[in-house]
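Notes for the structure review
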Amino acid sequence: MSIKLFNTMGRQIQEFIPVEDNKVRMYTCGPTVYNYAHIGNLRTYIFEDILRRTLEYFGYQVKQVMNVTDVGHLTDDADEGEDKVIRSAKEKGKTAREIAGFYMEAFFKDLSLLNVEKPSVVCKATDHVDDMIKLIRRIEKNGFTYASGGNLYFDVAKFPDYGRLAMLRLEDLKAGARVKIDEQKKSPHDFVLWFTKSKFEHQSMMWDSPWGRGYPGWHIECSAMSMKYLGDHFDIHCGGIDHIPVHHTNEIAQAEAATGKKWVNYWLHGEFLVLSKEKMAKSAGNFITISTLIDKGYDPLDYRYFCLGAHYRSQLQFSFEALDSAKNGRAGLMERIARIREEAEKTGAEKVSPYAADTGAPGTYASGKGAPGTDDKAIRYLKSFEAHISQDLNVPKALADLWNLVKDGSVEAVSKYSVILAMDKVLGLRLGTAQMKKISVSKEISNLIDEREKAREDKDYKRADEIRNILKERGIIVEDTPQGVKWRKV
RNA sequence: GGCGCCGUACCCAAGCGGCAAGGGAGAGGUCUGCAAAACCUUUAUGCACCGGUUCGAAUCCGGUCGGCGCCUCCA
């Protein structure tokens, strides 16, 4: 099946064709580790995870590289401001390395809570300063740089295609509207490749370079590291939508100035999560983290489910009301799936495996050979699901396919469950963990359950309800069914 | 000032020329202990507003109002 993706470069949906058959090389811009990631940041990583899972679902071998910025991003532009990591270190009385290490670990823990698969390669900026220097030398050799006031700048005027990704026309931009113009620059859009001067004199993180002892500019790391691990020309580069006008625009200029050829084929950008009409920002202090959500009683997967309800290129309105509806929705979904699974296992299938995807290869259902136990009706839902995810990752529609399948009483259980597992390869909601658990309870709890049954027999419903409430507080839900009393954990 | 995007039911949100997906919440019903849970059914003749194009528009064009993002490190 062909996958169609919206390419920011050119702003249109295009069929995805990899550089190399069956392989996908993608670079995803990672975090600057000077604070916890907030749920707005995390939305983008969930989107990238869906992209990667979709590609893998359709049989591509994906090599995904993500950077971790542990140095080099300043608090503001105009080549002023402090390095965020170093400032955070100062505030907390730690070294920059400690700060970066701490938040990097926290970041990947958040990702795993959200069931976001870890990239194939995670690379830190500070481990790749040599690569950055090498890349800057290539750019310099090709004549795209100039030195001024001690810094080495990229000369935007030498790169005619500058700004194409963002559809910028330099003459239209009101440079200096919000930022003081740097007197050292020939053009306000020029940017620093290497700092040697000024306020970094007394700081710990500095490196020797052909331009003097100093500090890399803050766009060069992604270009250098992506090219190191993925080559001079690769398939996909992703990030948040905010990266389009500056970061990615500058990255393209640098990379293509160095190689003299096209760098990346497809650019994909995730839209923002917005909070009461404002974007969530670390600097604005209005941010919510995964820990916040956990403390409020949400499962991180509730948030993942919430994000899956909206298309990645639309802004998503966050509110706790909306998150509650996602939480309830997911709970209902898991419960239904648990029942389907029970039914499937009862009918004899000991272990139901996910249905093979339609990769077009022999052995998949596209060849006309249904797997045992999978009926055509279930496959129809899966086909619809595949059509939707391959259409620029229409996950909201794909999620609707899942719901429609789950609710369709005419689909046989083993097939149904098998298709659900197949869909979950992309959705990553851990649907396979849904289970009607025969949980073991303590003596005390089981006594309470017995006592309640006795009260019900005596028609002492007041006491029965009392006990149910007590159990509920302990996280046990009691259900009276025609088959007798059942209980489960919340 | 420039550039880009958006406005769909109580909430979140798909759809982007052919009779408005999905989830939550609400309502009704089945079951039951007038309970809980579960299950079933149901909820926009309408898509900010005003014009236009078309056999046909939420979807295309123009205008108005409102909101967001970017032009500064930010997912």
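Every value quoted in this text rests on a predicted model; they were computed, and no experiment measured them.

1. A closer look at helix H10 (residues 376-390)
For H10, with 15 residues, the first-to-last C-alpha span of 21 Å sits near the 21 Å given by 1.5 Å per residue. When we look at burial in H10, the residues that qualify are Ala-378, Ile-379, Tyr-381, Leu-382, Phe-385, Glu-386, His-388, Ile-389 and Ser-390. Those residues of H10 hidden inside the fold are in contact with strand E1 (4-7), helix H1 (39-57), helix H11 (395-407) and helix H12 (413-427).

2. A look at the pattern of salt bridges
As enumerated under the stated definition, the model contains 22 salt bridges in all. With its nearest N and O atoms 3.3 Å apart, the salt bridge here joins Lys-228 to Asp-131. You can see Lys-228 sitting in helix H5 (residues 220-230) and its partner Asp-131 sitting in helix H4 (residues 129-141), a full 97 residues away along the chain. One salt bridge connects Arg-330 with Asp-299, and the closest N-O pair in it is separated by 3.6 Å. Separated by 31 residues along the polypeptide, Arg-330 in helix H9 (residues 320-346) and Asp-299 in the loop between helix H7 (290-295) and helix H8 (300-308) bring together distant segments of the chain. One salt-bridge network, held together by shared partners, links Asp-49, Arg-52, Arg-53, Glu-56, Glu-117 and Arg-304.

3. A look at the sheet that holds strand E4 (residues 61-68)
The 5 strands lie next to each other as E5-E4-E3-E10-E11, forming an open sheet whose pairing is parallel. Every other strand in the sheet has two partners, leaving strand E5 (121-124) and strand E11 (264-270) as the edge strands with one partner each. The average undirected angle you get between the axes of adjacent strands in this sheet is 20°. Examined bridge by bridge, E4 and E5 share 4 bridges and lie parallel to one another. If you follow Val-68 over to E5, its bridge partner there is Lys-124.

4. A word on the confidence of the model for chain A
For chain A, the mean per-residue pLDDT works out to 84, and 84% of the residues sit at or above 70. Residue range residues 366-370 is modelled with pLDDT below 50. Its contacts to residues more than four positions away, or to other chains, number 4 contacts.

5. As for the side chain of Asn-67
Tracing the sequence through the fold places Asn-67 in strand E4. Given a relative accessible area of 1%, Asn-67 falls into the buried group. Side-chain polar atoms of Asn-67 contact the side chain of Tyr-27, separated by 3.2 Å. Within the local environment of Asn-67, its side chain forms a polar contact with the side chain of Glu-221, the two groups lying 3.0 Å apart.

6. Quick notes on the nonpolar core
Grouped together as the largest cluster of nonpolar side chains are 143 residues, with contacts concentrated most on Leu-55, Phe-154, Ile-236, Tyr-303, Phe-306 and Phe-318. Looking at this core, the element that brings in the most residues is H12, giving 10 residues. Ranked by size, the runner-up nonpolar core spans 7 residues in total, among them Ile-449, Ile-467, Leu-471 and Ile-476.

7. What about the packing of aromatic side chains?
By the definition in use, this model includes 23 aromatic pairs. Ring centres of Phe-195 and Trp-218 lie 5.3 Å apart, and the angle between their planes is 20°; this geometry places the pair in the stacked category. Placement of Phe-195 in strand E8 (residues 191-195) and of Trp-218 in the loop between strand E9 (215-216) and H5 is noted, with a sequence separation of 23 residues between them. With respect to class, Phe-195 is no different from Trp-218; both count as buried. One aromatic cluster is present, formed by Tyr-298, Tyr-303, Phe-306, Phe-318 and Phe-320 through successive ring pairs. A cation over an aromatic ring shows up here: Lys-118 above the ring of Phe-108, its NZ or CZ 4.8 Å from the ring centre. Sitting above the plane of the Phe-6 ring, Arg-313 keeps its charged end 3.9 Å from the centroid.

Procedures and definitions
Residues numbered from 1 in each chain as written. Chains lettered and ligands numbered in written order. Predicted model: local features only at pLDDT ≥ 70, side-chain atom pairs only at ≥ 80, totals over all residues. Heavy atoms only, no water. Helix = DSSP H or I, 4+ residues; strand = E, 2+ residues; numbered from the N terminus. Expected span 1.5 Å × (residues − 1). Buried < 20%, exposed > 50% of the residue type's maximum accessible area, 1.4 Å probe, protein only. Contact = heavy atoms within 4.5 Å. Salt bridge = Lys/Arg side-chain N within 4 Å of Asp/Glu carboxyl O. Pairing = 2+ DSSP bridges. Axes fitted to C-alpha atoms, helices over the stretch in contact; angles between N-to-C directions. pLDDT = per-residue confidence, 0-100. Polar contact = N/O pair within 3.5 Å; in protein donor to acceptor, adjacent residues only side chain to side chain. Core = buried A, V, L, I, M, F, W, Y, C linked by side-chain atoms within 4.5 Å. Phe/Tyr/Trp six-rings, centres within 6.5 Å; stacked < 30°, edge-to-face > 60°. Lys NZ or Arg CZ within 6 Å of the ring centre and 35° of its normal.

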